[in-house]
Amino acid sequence: MTRIRKIKDIFMQSLTWVASGISAWVLVAILVFIFSNGWKLLDRSVLFGDYHAKNIVSGFSDEHNADLTFTPPDTLEDGDVVSTRFGFAVRDEIDKEKNHVHTLTWVDDHSPLLNGKITTAGPTQGTPAPFKAGMNINKFVYLDNSGEAITVGRLKQQSPQEWIPLMDGNAKQITEFHGKEPGGGMRGSLMATLILIGLSLLFSVPIGIFAAIYLYAIAKQNRLTTFVRSSIELLAGVPSIIFSMMGITLIFPIIKLFGASGQSIILGSLTMAVLLLPVLIRQTEEALRSVPSSYAQASLALGATQTETLFRVVLPSARNGIFSACLLAVSRIIGESAALVFTMGTAIQDSPKIGSSATSLAVQIYVLMGGENPNFELSSAISIVILILVLALNLTVKVVSALSDKKGKA
Amino acid sequence: MENAKENVMASEAKFAKIRKRRRGTDVLFRNLFRIAGVIAAMMVILIIIFVTSRGIRPFLGSAEERVNLKYFLTGSRWRADQGIYGLGFVIINTLIVSVTGGLLALPLAILSAVLITRIAKGKLSIFLTTIVETLAAIPSVVYGVFAAGKITVLVRDLANVFGISTYGGNSSLAVILLLAIMTYPTMTTLAVSGIRAIPKELDSASLALGATPTQTSFKVIVPAARSSIATGFTLGLGRAFGEATAVSMIAGNALAGPSWNPFDITRTLTSTMLTGLHETSGVDYEIRFSVGVILMFVIVSMNLLVHAAKRRLEKKGGLSA
Amino acid sequence: MSASKLQKFMKRAGGTNKKTMASSSGSSQAAQRENVAFAIEDVNLFYGDFQALKDITLDIPAHQVTAFIGPSGCGKSTLLRCFNRMNDLIDNCRVEGAIYRNGVDINGDAVDVVDLRTHVGMVFQQPNPFPKSIYDNVSYGLVCQGVRSKKVLDEAVESSLKKAALWEEVKDHLRRDATQLSGGQQQRLCIARAIALQPDVILMDEPTSALDPIATARIEDLITQLKEEYTIVIVTHSMSQAARISDKTAFFLLGDLIEFGATDDIFQNPRDKRTEDYITGKFG
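Criteria and cut-off values
Residues numbered from 1 in each chain as written. Chains lettered and ligands numbered in written order. Predicted model: local features only at pLDDT ≥ 70, side-chain atom pairs only at ≥ 80, totals over all residues. Helix = DSSP H or I, 4+ residues; strand = E, 2+ residues; numbered from the N terminus. Rg over C-alpha atoms; globule rule 2.2 N^0.38 Å. Buried ≥ 20, exposed ≤ 12 C-beta atoms within 10 Å, placed from the backbone. Contact = placed C-beta atoms within 7 Å. Nonpolar A, V, L, I, M, F, W, Y, C, P; charged D, E, K, R; others polar. Domains from an automatic or database assignment. Expected span 1.5 Å × (residues − 1). Bend = angle between axes of the 7 residues up to and from the residue. Arc of directions from axis to C-beta. Pairing = 2+ DSSP bridges. Core = buried A, V, L, I, M, F, W, Y, C linked by C-beta atoms within 7 Å. Axes fitted to C-alpha atoms, helices over the stretch in contact; angles between N-to-C directions. Parallel < 35°, antiparallel > 145°, perpendicular 65-115°, else oblique. Left-handed = near helix turned anticlockwise from the far one by under 90°. pLDDT = per-residue confidence, 0-100.

**Topic: the overall build of chain B**
In terms of helices and strands, chain B carries twelve helices and two strands. When the helices and strands of chain B are listed from N to C terminus, the series reads α-α-β-β-α-α-α-α-α-α-α-α-α-α. For chain B, whose C-alpha radius of gyration is 28 Å, the value lies well above the compact-globule estimate of 20 Å for 321 residues. When the backbone C-alpha atoms are referred to their principal axes, chain B occupies close to 110 × 75 × 45 Å. The burial tally for chain B puts 48% of its 321 residues in the buried class. At a minimum sequence separation of 6, the contacts of chain B that also span at least 24 residues come to 72%.

Below is the structure:
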């Protein structure tokens, strides 16, 4: 071999390494970016908290004025101002919108703040509204020693260093505290996603399995069947945003007859159900075909009908493959965004309902990233959740099919 | 004696009843299976019909109300606030970013496929395949977050090196890079399966003629797999045309175009459909369906083109397998 | 004129020969005789623990057709593949002993396998043309070597196809896809493809077993012509084929070389009883 040829050879080989190297580097870059931006946000309040901030007015209707002294824990940082009288610590911070907020960084287990109840008249009056760490304090109202009601806090343009000692020194009894739960959680979208998964599978799995059975057992080898197969393959190639439009033009008029209106989870589910059909049908048919035909023939030879053979012998044997198909469908639902934006809406809900609009986890990211101030941190945090779920599902599918292969070979 | 005869007849009757019921159930379910098959098959056609019928609406109606179809198809400005809907440049933009992104991903995909199937051994090969599969599994919103946070920054910095200012990095180039990344897994997967399907005899023949394994890979195996590779390219391109959420996060939504400068902001068919969805009504809302019709048309046209090109090559005796 | 140009190029490309000539041992002197293509000495071959070839020693004569015969699994194809080191592609295959070509052991470290295969060509049982044009198939080996000149390639393609008795049939269709040829034509194409590299030896592993009788006859005629220029070693299942076209025959059984000699002698006066049993059809 000449030198030139050898050099060319090595050059081409190294090109292949470079190409794969680039793809690996991109994957790492994506994961690093997402995790570094979102990991610090992942705690209970974000995972299971509301997205929208809630203003809370809490207070006491009776005396709650134990003369206690509270000692702060060592974990507090500089900048935390402690109220030794009432057992909490507050820090002045800047939030996403560049505003000052006074955040509760510590609330003692025996602090009277935990015993607050809603004082505003109305249906919720009297329900417990404790103030916990993570919430923002806007103002306190207390009665001083002369019985006067004094207001202190951020709304009075006071820094924590100013109003806390004031309150500690002069308050005889706290009557009210106003604050805000900052929100920024994903619970609403999490629930909406779960509901979406349930409903989508409810509609798509039966039709998908039955259609797969049709292709496997009933359709003859003719032009019509080829046409059916091609149609289903074409469906797989339709971009998801077009499914969105299908939802609005084809499905919405139908569910309108049943009383639905506007964007809703149910509309999104039905749209997803159609989107999932090709995946489910393809996987299920493969699973059915992997069942040895001898099983079905034995069943028929024993006098069972085709339907009985399917339900008693073939489907049970194919259940691993069908299960994998469902997992892949769930994975697709979690990651889907374009098909839901038109149909399920872009309003992030804390308590999603089937009949009204909501956002899934993926759509919430889309909403958060839009506009002037994209929220990278929360988007990344949600992305982490989505990635973990999707990758776990895909991994499970691989494991299940590897196990089935082993069984089949044995 | 009589009793026994009656018993037999009674049980016969019972069995006949059961048999009838079983047959009835069988027929029922077989029809249900057929119906499911029909529904699944009809969906594509229904989608086309319904979306098209909604998409036509803005162009019907009285001369003052309706949108000008000719300008829609060929125009080069899109100002929803002024009622100007020229989609022409958007179509060109979509083609530019998608085809460029696809052409960027294709050589990388082929090279990776050669590494995975022909050079890397067992465990390494599985590892590399896992990387590709993981990239394929990442949802488009997550790609969007990454694109908005990293790719745009990269483009912006690159532009600064040349002294060009960008709109925060949102640009044609950013979209091209994003689409290249997103189409790469599809192309690689199909190239891998295409190469794996090539019979070993071709390998033996090439090596026996004094070619190195690397020469065999690139001169014999990859050309032999060109059908699968072409399919992968087409599939990837189709996905690039239809990619919505990630693209709309970094496109920038140019008001006029087409954007030939990679550092300029751009607008694609999908970004047009998605942007500003919150505060939209009337024609601005309806026109998105029309854009959807154009998107479907572009994808179908591309598929037909590739199909025709494949046919022609086959006729010349070029493509086999 | 350009044929010698091609030869010069091939000599240059196969430049390792000068260096490797230095290492010679005793019987290599014998191997350097003009009329021995391969001198095989005590070759043992193992697939893992299984021994496929046992103490094989024989001289393959140059410019003659040597046939390897024997029942399935006797090792004849395995030995054939040693000559161009195609066994290297099999993972747990181990070769002991030496095979001398031009005085050099081809299993030695200094030998470039890629270069070896340009001097020892191979035709397989199933015709395996590339899904490329006829022209590209025949010129493939040269292009890999680095030949760029269209003139040289054109002439090499034409002369190889002529020698393979295929030229008249395809000369107007050189750009047509090779897979569209008939089975017999494809096999002749594979022979042309190997010839284009101007090898010394052409190895053939049951080259006609996938072809019909007429195609088989054409290839057998071709082989008889080719031995003027090349050394041919052919593995065959058909004893009548061996009897028809070969000058020397080697009979293998379960990895052993039982008997080797002039074809007429083997078939009319076999010395070993096992040879006689195989030839008369008692087994195999």
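That shown, we press on.
**A look at the overall build of chain C**
On a plain count of helices and strands, chain C comes out with 13 helices and ten strands. In chain C, buried positions account for 45% of the 284 residues.

**Quick look at the environment of Arg188(C)**
Residues and elements named next belong to chain C. As for its placement among the helices and strands, arginine 188 is situated in helix H9 (residues 183–195). Expressed as a C-alpha distance, the spacing of arginine 188 and aspartate 200, which sit twelve residues apart in the sequence, is 18 Å. Those residues in contact with arginine 188, other than ones at most four positions away along the chain, are Ala164, Ala165, Leu166, Ile219 and Leu222.

**A few points about the interface of chain B and chain C**
Contact with chain B, which involves 19 residues of that partner, is made by 25 residues of chain C. Going through the elements one at a time, helix H7 (200–208) and helix H8 (213–224) of chain B are the ones with two or more residues in the side of chain B that touches chain C. Sort the elements by how many residues they give to the side of chain B that touches chain C and H7(B) lands first, with six residues. Among the residues forming the side of chain B that touches chain C, the class breakdown is ten nonpolar, seven polar and two charged.

**Details of the environment of Ile266(A)**
Residue and element names in this part refer to chain A. Positionally, isoleucine 266 belongs in helix H7 (residues 265–289). Among the residues examined, isoleucine 266 registers 22 C-beta atoms within 10 Å and is labelled buried. Measuring from C-alpha to C-alpha, the distance between isoleucine 266 and aspartate 350 comes to 17 Å, with 84 residues separating the pair along the chain. Apart from residues no more than four positions distant in its own chain, isoleucine 266 is found in contact with Leu199, Ile255, Ala260, Ile354 and Gly355.

**A word on the domain arrangement of chain B**
All names here are of chain B. Segmentation of chain B into domains returns domain 1 (2–55) and domain 2 (69–316). At the interface, five residues of domain 1 touch five residues of domain 2. For the side of domain 1 that touches domain 2, the per-class residue count stands at two nonpolar, two polar and one charged.

**Some remarks on unusual backbone geometry**
Residue and element names in this part refer to chain C. A positive phi angle, close to 50 degrees, is found at aspartate 42, a residue other than glycine. Relative to the elements of secondary structure, aspartate 42 occurs in strand S1 (residues 36–47). What makes aspartate 42 exposed here is the crowd of 11 C-beta atoms within 10 Å.

**Digging into helix H4 (residues 187–218) of chain A**
Helix length check: H4(A) (32 residues) gives 45 Å between terminal C-alpha atoms against 46 Å at 1.5 Å per residue, within 8%. At Leu201(A), H4(A) shows its maximal bend, which comes to roughly 30 degrees.

**Topic: helix H9 (residues 306–317) of chain A**
Residues and elements named next belong to chain A. Spanning twelve residues, H9 covers 15 Å between terminal C-alpha atoms, matching the ideal 16 Å at 1.5 Å per step. What H9 keeps buried is the set Thr307, Thr309, Leu310 and Val314. For H9, the arc enclosing every buried residue in end-on projection is 135 degrees, short of the 170-degree limit, so these residues lie on one face.

**Re the pairing of strand S10 (residues 256–262) of chain C**
Note: strand S9 (residues 248–253) of chain C against S10(C), six bridges, orientation antiparallel. Bridge pairing in S10(C) places Ala250(C) opposite Phe260(C).

**Brief notes about the interface of chain B and chain A**
On the side of chain A, 67 residues touch chain B, which itself brings 64 residues to the contact. No other element matches helix H1 (residues 2–56) of chain B, which puts 21 residues into the side of chain B that touches chain A. Of the residues that constitute the side of chain B that touches chain A, the class distribution is 41 nonpolar, 16 polar and seven charged.

**Focus: the nonpolar core**
Side chains that are nonpolar tend, in soluble globular proteins, to be buried together. Residues Ile242(A), Ala147(B), Leu178(B), Ala191(B) and Ile250(B) are the most contacted members of the largest nonpolar core, which totals 244 residues. By residue number, the principal contributor to this core is helix H6 (residues 172–196) of chain B, which donates 16 residues. With sequence-adjacent residues up to four places away left out, Leu178(B) is seen in contact with Tyr143(B), Ala147(B), Ile151(B), Ala246(B), Val247(B) and Ile250(B). Ranked by size, the runner-up nonpolar core spans 20 residues in total, among them Phe88(A), Val90(A), Val107(A) and Ile164(A).

**A word on the pairing of strand S6 (residues 120–123) of chain C**
All names here are of chain C. Side chains Val120 and Met122 of S6 all project onto a buried face; the interleaved residues Gly121 and Val123 project onto the opposite face, where all are buried too. Across four bridges, the pairing between S6 and strand S7 (residues 201–205) is parallel. By the bridge assignment for S7, valine 120 is matched with valine 201.

**Some details on the environment of Ser53(B)**
Residue and element names in this part refer to chain B. For serine 53, the location among the structural elements is in helix H1. The class for serine 53 is partly exposed, based on 13 C-beta atoms found within 10 Å. Considered as a pair, serine 53 and alanine 109 are 56 residues apart in the sequence and their alpha carbons are 39 Å apart.

**Looking at the packing of helix H6 (residues 134–145) of chain C against helix H7 (residues 150–163) of chain C**
Residue and element names in this part refer to chain C. Contact geometry for H6 and H7: axes closest at 9 Å, N-to-C directions at 110 degrees. In terms of orientation, H6 and H7 fall into the roughly perpendicular class. Between H6 and H7 lies a crossing of right-handed hand. Between H6 and H7, the contacting residues are Tyr135, Val138, Ser139 and Leu142 on the first element and Leu153, Ala156, Val157, Ser160 and Leu161 on the second. Per-class residue counts for the contact of H6 with H7 are seven nonpolar, two polar and no charged.

**Comments concerning the packing of helix H3 (residues 88–119) of chain B against helix H9 (residues 226–242) of chain B**
Residues and elements named next belong to chain B. Between H3 and H9, the shortest axis-to-axis distance is 9 Å and the interhelical angle comes to 140 degrees. For the pair H3 and H9, the crossing hand works out as right-handed. Judged by residue contacts, Thr94, Ser98, Val99, Gly101, Gly102, Ala105, Leu106, Ala109 and Ile110 of H3 engage Ile229, Gly232, Phe233, Gly236, Leu237, Ala240 and Phe241 from H9. Split into classes, the residues belonging to the contact of H3 with H9 amount to ten nonpolar, six polar and no charged.

**Examining the confidence of the model for chain C**
Mean pLDDT for chain C: 86, with 88% of residues reaching 70 or above. In this model, residues 12–28 of chain C is a region of pLDDT below 50 whose contacts with residues beyond four sequence positions or in other chains number 23 contacts.

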